[in-house]
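What follows is each chain in one-letter form.
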Amino acid sequence: KAGVTQTPRYLIKTRGQQVTLSCSPISGHRSVSWYQQTPGQGLQFLFEYFSETQRNKGNFPGRFSGRQFSNSRSEMNVSTLELGDSALYLCASSSSGGGNQPQHFGDGTRLSIL
Amino acid sequence: AQSVTQPDIHITVSEGASLELRCNYSYGATPYLFWYVQSPGQGLQLLLKYFSGDTLVQGIKGFEAEFKRSQSSFNLRKPSVHWSDAAEYFCAVGADDYKLSFGAGTTVTVRA
């Protein structure tokens, strides 16, 4: 069974631009979560989607948004990029997203802002 | 709200020696606990999980962890480390809000 696939793996943008990251979950998984990983803040939860509905959102500004499609694939978008948005963005999937379910992570998208 | 503390930022261990990584959690109800490992440039790989039952859980790559409710701890252990165990290790707690809360991580260096 294929794992979680994130594209692209690396991305370089400049301040003020916007970016869209993509995540394809494990087949059959309907919950997709996004996390931001930085050396200073560690792993921080961005949002979680299940059946195209956002069920929880972390403490990030409105510039960070996401969506999920009917095939469970998910995208996250960051608008008006800032230097501090440089990070590794990780996507994770699980069958239904409950707290007792292990989340399976992709290898991430490394976003660098110049 | 749930939270996780990993007191050790960095641990250095000799190859073949035992390893123990500490994790303390804060959560009002029965926690769902996980340990993940991350190698450079990669995502997180699940090592093991605890939901209920036997407080000593076995995971992949020879790791085990023990849940101690009285100490709010979920420490990870390995009897004999290999050079390939050098990585960053994260403890996490899951709750009913569809997210994982992670500790800050512990970097493990293995010396020959």
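To be clear, the structure that these remarks concern was listed above.
Residues numbered from 1 in each chain as written. Chains lettered and ligands numbered in written order. Predicted model: local features only at pLDDT ≥ 70, side-chain atom pairs only at ≥ 80, totals over all residues. Heavy atoms only, no water.

Participant: Help me out: how do you make sense of the interface of chain A and chain B in this one?
Facilitator: Much of the literature gives interface size as the accessible area that the parts lose upon coming together. Opposite the 21 residues of chain A that make contact, chain B presents 19 residues. Here chain A meets chain B over a buried area of about 1,600 Å², counting both sides, of which 61% is carbon and sulfur. Between the two partners, chain A and chain B, sit 0 salt bridges. Where chain A touches chain B, the interface holds 7 residue pairs in polar contact (both at pLDDT 80 or more). Counting residues per element, the ones that place at least two in the side of chain A that touches chain B are β4 (31–38), β5 (42–50), β6 (53–57) and β9 (87–94) of chain A. Considered class by class, the residues forming the side of chain A that touches chain B number 7 nonpolar, 10 polar and 4 charged. (Contact = heavy atoms within 4.5 Å. Buried area = accessible area lost by both parts, 1.4 Å probe. Salt bridge = Lys/Arg side-chain N within 4 Å of Asp/Glu carboxyl O. Polar contact = N/O pair within 3.5 Å; in protein donor to acceptor, adjacent residues only side chain to side chain. Helix = DSSP H or I, 4+ residues; strand = E, 2+ residues; numbered from the N terminus. Nonpolar A, V, L, I, M, F, W, Y, C, P; charged D, E, K, R; others polar.)

Participant: Is there a simple way to think about the pattern of salt bridges in this case?
Facilitator: One side chain can pair with another of opposite charge once the charged atoms of both are near each other. Under the defined criterion, the tally for this structure stands at 9 salt bridges over all chains. Glu64(B) is the partner of Arg77(B) in a salt bridge, and the nearest nitrogen-oxygen pair spans 3.3 Å. Of this pair, Arg77(B) sits in strand β9 (residues 73–78) while Glu64(B) sits in strand β8 (residues 64–68), placing them 13 residues apart in sequence. The exposure class of Arg77(B) is partly exposed, given its relative accessible area of 23%. By sharing partners, the salt bridges in this structure join Arg63(A), Glu82(A) and Asp85(A) into a single network. (Buried < 20%, exposed > 50% of the residue type's maximum accessible area, 1.4 Å probe, protein only.)

Participant: What should I look at first to understand the sheet that holds strand β8 (residues 74–78) of chain A in this one?
Facilitator: Sheets are built from strands paired through backbone hydrogen bonds, the pairs being either parallel or antiparallel. Residue and element names in this part refer to chain A. Read across the open sheet, the 4 strands follow the order β1-β3-β8-β7; overall the sheet is antiparallel. Edge positions in the sheet fall to β1 (5–7) and β7 (64–68), since each of these pairs with one other strand and no more. The average undirected angle you get between the axes of adjacent strands in this sheet is 20°. With 3 bridges joining them, β1 and strand β3 (residues 19–24) adopt antiparallel strand pairing. Bridging from a neighbouring strand, threonine 5 pairs with serine 24 of β3. (Pairing = 2+ DSSP bridges. Axes fitted to C-alpha atoms, helices over the stretch in contact; angles between N-to-C directions.)

Participant: What is the right way to look at the pairing of β3(A) in this model?
Facilitator: On any regular strand, side chains alternate: one points to one face of the sheet, the next to the other face. Pairing analysis gives 5 bridges linking β3(A) to β8(A), with the strands arranged antiparallel. Within the sheet, the bridge partner assigned to Leu21(A) lies in β8(A) and is Met76(A).

Participant: Hey, could you run me through the state of the cysteines in this one?
Facilitator: A covalent bond bridging the sulfur atoms of two cysteines is what the word disulfide describes. Residue and element names in this part refer to chain A. Within this structure, the stated rule accounts for 2 disulfides over all chains. A disulfide bridge connects cysteine 23 with cysteine 91, and the sulfur atoms are separated by 1.8 Å. A torsion of -60° about the S-S bond marks the disulfide between cysteine 23 and cysteine 91 as left-handed. In this pair, cysteine 23 is assigned in strand β3 and cysteine 91 in strand β9, connecting sequence segments 68 residues apart. (Disulfide = S-S within 2.5 Å.)

Participant: It is not clear to me how the nonpolar core should be interpreted in this structure. Could you clarify?
Facilitator: The tendency in soluble globular proteins is for nonpolar side chains to be buried as a group. Counting 26 residues, the largest nonpolar core has Trp35(B), Leu48(B), Phe74(B), Leu76(B) and Tyr89(B) as the members making the most contacts within it. Excluding anything up to four places from it in sequence, Phe74(B) contacts Cys23(B), Leu33(B), Phe34(B), Trp35(B), Leu48(B), Tyr50(B), Val57(B), Ala65(B), Glu66(B), Phe67(B) and Cys91(B). With 21 residues, the next largest nonpolar core counts Ile26(A), Val32(A), Trp34(A) and Tyr89(A) among its residues. (Core = buried A, V, L, I, M, F, W, Y, C linked by side-chain atoms within 4.5 Å.)

Participant: How should the pairing of strand β11 (residues 109–113) of chain A be read in this particular structure?
Facilitator: Residues and elements named next belong to chain A. Side chains Thr109, Leu111 and Ile113 of β11 all project onto a buried face; the interleaved residues Arg110 and Ser112 project onto a face where none is buried. Direction of pairing for strand β2 (residues 10–13) relative to β11: parallel, over a ladder of 4 bridges. Following the sheet pairing, lysine 13 is matched in β11 by isoleucine 113. One ladder, built from 3 bridges, connects β9 with β11; its direction is antiparallel. In the sheet register, tyrosine 89 faces β11, and the bridge partner there is threonine 109.

Participant: What is the right way to read unusual backbone geometry from this model?
Facilitator: The phi angle of most residues is negative, glycine excepted, and most peptide bonds adopt the trans form. Residues and elements named next belong to chain A. For the bond running from threonine 7 to proline 8, omega is -10°, close enough to zero to count as cis. As for its placement among the helices and strands, proline 8 is situated in the loop between β1 and β2. Here serine 72, not a glycine, exhibits a phi torsion of approximately 80°, which is positive. Residue placement: serine 72 occurs in the loop between β7 and β8. Look at serine 72 and you get buried, because its relative accessible area is 11%. Phi angles above zero are rare outside glycine, and threonine 80 is one such case at about 45°. By relative accessible area, threonine 80 is classed as partly exposed at 47%.

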